[in-house]
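Survey of secondary and tertiary structure
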Amino acid sequence: MKKIALITGITGQDGSYLSELLLSKDYKVHGIVRRHSFKGTERIQHLIDDAKYKDKFFLHYGDVTDSCSLSNIIREIQPDEVYNLAAQSHVGVSFKVPEYTAEATGVSTIKLLEAIRQNKVDTKFYQASTSELFGGIPSTAPQSEKTPFYPKSPYGAAKLYSYWITVNYRESYGMFACNGILFNHESPRRGEDFVTRKISLAVANIIKGNQEKLSLGNLNAKRDWGFAGDYVEGMYLMLQQDNPDDYVLATNETHTVRDFVNAAFDEVGIKIKWRGEGINEKGYDSKTDKLLIDVNPKFFRPAEVEFLLGDPSKAEKILNWKRKVNFEELVKMMVRADLNQLKKIFEVT
Ligand code: NAP
Ligand code: G4F
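Residues numbered from 1 in each chain as written. Chains lettered and ligands numbered in written order. Predicted model: local features only at pLDDT ≥ 70, side-chain atom pairs only at ≥ 80, totals over all residues. Heavy atoms only, no water.

Before going further, it helps to examine helix α6 (residues 154-173). Between its first and last C-alpha, α6 extends 28 Å over 20 residues, near the 28 Å set by a 1.5 Å rise per residue. Residues Tyr-155, Gly-156, Ala-158, Lys-159, Ser-162, Tyr-163, Ile-165, Thr-166, Val-167, Tyr-169 and Arg-170 constitute the buried set of α6. Contact partners of the buried residues in α6: α4 (91-96), α5 (98-118), β5 (124-130) and β6 (176-182). Downstream of α6 by one or two residues, Gly-174 has phi in the positive range, about 65°. (Helix = DSSP H or I, 4+ residues; strand = E, 2+ residues; numbered from the N terminus. Expected span 1.5 Å × (residues − 1). Buried < 20%, exposed > 50% of the residue type's maximum accessible area, 1.4 Å probe, protein only. Contact = heavy atoms within 4.5 Å.)

Rendered as C-alpha cells:
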C-alpha cells in the first residue's frame, strides 16, 4: 500500500521540495492550500501539471486557522504522515501582524493535533520548529536540542507554543510527534522578502541593469544557512524512526548577512568594498566605486536575533542525516537561478 502524506504549507518553499521528495518515494501526497485571489501555486505548478502525478498529488482548500477544514481533511484522507509546515513564517512581518501570527503559527498546531486525535487517526506528525526559538541567548553556541529557548519575536513566541504542544501530545497521548528544529534554509524558491533571496535577486537585477542598489537592514546578523532540499530529507527521516523525538538540522557554520552579500556579488565578478559604520555603512564596486549596497533602518526589527549556529550532531548520528550543499554552493545556486530566471523574462518580452 502506498503511504499517504498530508502537508500543510505545501505551496511554500519547503512544501514544494518535500512534495517532490515524497512523490519520488511513491507516496500519495495531499496538501492544504488557502484560496488566493490570484494563483499562489507557482512552486508546485510543475507537480500539478505533471500527468504522472494525476492520481498521486491532491490539493484541498483549507486554512490552518480553520479547525473545521483541518478536521474534515484529516478524516477524509486518513494520512500516515502529517507534515505541519504552514505558518506566517516571516519574523519581521510577525511584529506587524502579531495576533494573526499567534493564530497561524501557534494556535493552528493544536487545531491540527486535535483534528488527528479526535478523529482517531493513527498518523505520524512533524512540526516545523525553528532556530528562532533560541533567539536571544548568544552566549550558548552551537545551539542543540538541549539549549534553552528564548524567542525574540511574535513569530518565535508562537513557534514556542507549537514546539511544546507537540511535545505535550507525544507525552500525553503517545502520539508519534516530532519537532524538527531547523536553522535557516534557503533555495531559489525562497520567498523574495527573506534576506538571502532579496540579495540574490538584487544581484541579478543589478547585473541586468534593472536595479541601482540594494538596501538592507542589519548586516551583522549571523545565520546558519543551509539548502532547503537537504532539510526536507531530514523531516522525512524523523518520521521513519521507531520512536518520535526532536532534532536540530543545521550546517554548523555561521555567516553574516554581509558575508552573503560579498559571496553573491563575487559570483558575478564584483568585489565589494565596504566603507562607514552602522547605518552609514555602504558597499561599493571595488573597481568602479559605484554604490551598490546601503543600510535602511526600515529593515531593522524591534528585537533582533543576532547569532545562530546549530549543532546537528544528534540528527547526523541517529537519522544519518547530513547536509550536502555548503554555503558557497548555496549562494552560487541562488544567484545563478535568479540570473537564469531574469534571462527567461527578458527573452520573452
Ligand atoms: P514559506 O515559504 O513562507 O511557506 C509557508 C507556507 O504556509 C505557505 O504554503 C503558506 O501558504 C502557508 N500558510 C501560511 N498561512 C497559512 C494558513 N493560515 N493556512 C494555510 N496555509 C498557510 O515557509 P518555508 O520557508 O517553506 O517554511 C516552512 C515551515 O518551516 C514554516 O512553518 C516556517 O516557519 C518553518 N521554518 C522555516 C525555516 C526556513 O529557514 N525556511 C526554518 C525553520 C522553520 P501561501 O502560499 O498561501 O502563503
Ligand atoms: O532572511 P530573514 O528574514 O530570516 P530570519 O529572520 O532568520 O527567519 C527565517 O529563518 C528562521 C530560522 O532561523 C525561520 F524560522 C523563519 O521562518 C525564517 O525562515 O533574516 C535573516 C537576517 C535577520 O537577522 C534580519 O534582520 O537578516 C537580517 N536582514 C538584514 N537586512 C534582513 C534584511 N532580513 C530581511 N528579511 N530583509 C532585509 O532587508
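So much for the structure itself; the text now carries on.
The next point concerns the side chain of Thr-166. If you trace the backbone, Thr-166 turns up in helix α6. Residue classification places Thr-166 among the buried residues on the basis of a relative accessible area of 0%. Ignoring any residue separated from it by four or fewer positions in sequence, one finds Thr-166 in contact with Thr-109, Leu-113, Phe-125, Gln-127, Ala-177, Cys-178 and Asn-179.

Before going further, it helps to spend a moment on the site of ligand 1. Of all residues adjacent to ligand 1, which total 24 residues, the nearest are Thr-11, His-36, Ser-89, Tyr-155 and Lys-159. In isolation ligand 1 offers 900 Å² of accessible surface; the protein chains occlude 90% of this area. Sorting the residues of the shell around ligand 1 by element identifies α1 (13-24), β5 and α6 as the ones contributing at least two each. Broken down by element, the residue count for the shell around ligand 1 peaks at three residues, all from β5. (Near = heavy atom within 4 Å. Areas by Shrake-Rupley, 256 points an atom, 1.4 Å probe, with all protein chains shown as cover.)

In the vicinity of ligand 2 lie 23 residues, with Thr-130, Ser-131, Tyr-155, Arg-301 and Glu-304 positioned nearest. Between a nitrogen atom of ligand 2 and a main-chain N or O atom of Gly-217, the distance comes to 2.8 Å. Residue Arg-223 places a side-chain N or O atom 2.8 Å away from an oxygen atom belonging to ligand 2. Partitioning the shell around ligand 2 into residue classes produces nine nonpolar, seven polar and seven charged. (Polar contact = N/O pair within 3.5 Å; in protein donor to acceptor, adjacent residues only side chain to side chain. Nonpolar A, V, L, I, M, F, W, Y, C, P; charged D, E, K, R; others polar.)

Moving on to the pairing of strand β1 (residues 4-8). Taking burial as the measure, the five residues of β1 include five buried ones, the bulk of the element. Neither face of β1 is left uncovered, since the one carrying Ile-4, Leu-6 and Thr-8 and the one carrying Ala-5 and Ile-7 both have all their residues buried. As judged from the five bridges shared by β1 and strand β2 (residues 28-33), these two strands associate in the parallel manner. Counted as the bridge partner of Ala-5 is Val-29 from β2. With α1 bridging β1 and the parallel β2, this β-α-β connection has right-handed handedness. (Pairing = 2+ DSSP bridges. Right-handed = clockwise from strand over helix to strand, strands pointing away.)

Attention now moves to the environment of Lys-317. As for its position among the elements, Lys-317 is in helix α10 (residues 313-319). For the pair formed by Lys-317 and Thr-123, sequence separation is 194 residues and the distance between their alpha carbons is 25 Å.

This part covers the side chain of Asn-179. Relative to the helices and strands, Asn-179 is located in strand β6. Classification of Asn-179 as buried rests on a relative accessible area of 0%. A polar side-chain atom of Asn-179 sits 3.2 Å from the main-chain carbonyl oxygen of Tyr-163. When near neighbours in sequence (up to four residues on either side) are disregarded, Asn-179 contacts Gln-127, Ser-129, Ser-162, Tyr-163, Thr-166, Val-167, Met-238, Asp-245, Asp-246 and Tyr-247.

The next subject is the sheet that holds β1. Sheet architecture is open: seven strands sit in the order β3-β2-β1-β4-β5-β6-β11, paired in parallel fashion. For this open sheet the edge positions go to β3 (57-61) and β11 (247-249), each flanked by a neighbour on one side alone. Each strand of the sheet is rotated relative to its neighbour by a mean of 20°, with strand direction disregarded. Sheet strands touched by α5: β1, β4 (81-84) and β5. Its angle to β5, the strand with the most contacts, is close to 170°. In the packing of helix α8 (residues 228-238) onto the sheet, contacts are made with β4, β5, β6 and β11, and the angle to β6 comes to roughly 160°. (Axes fitted to C-alpha atoms, helices over the stretch in contact; angles between N-to-C directions.)

So, to be careful, I would describe these as geometric facts and stop short of saying anything about function.
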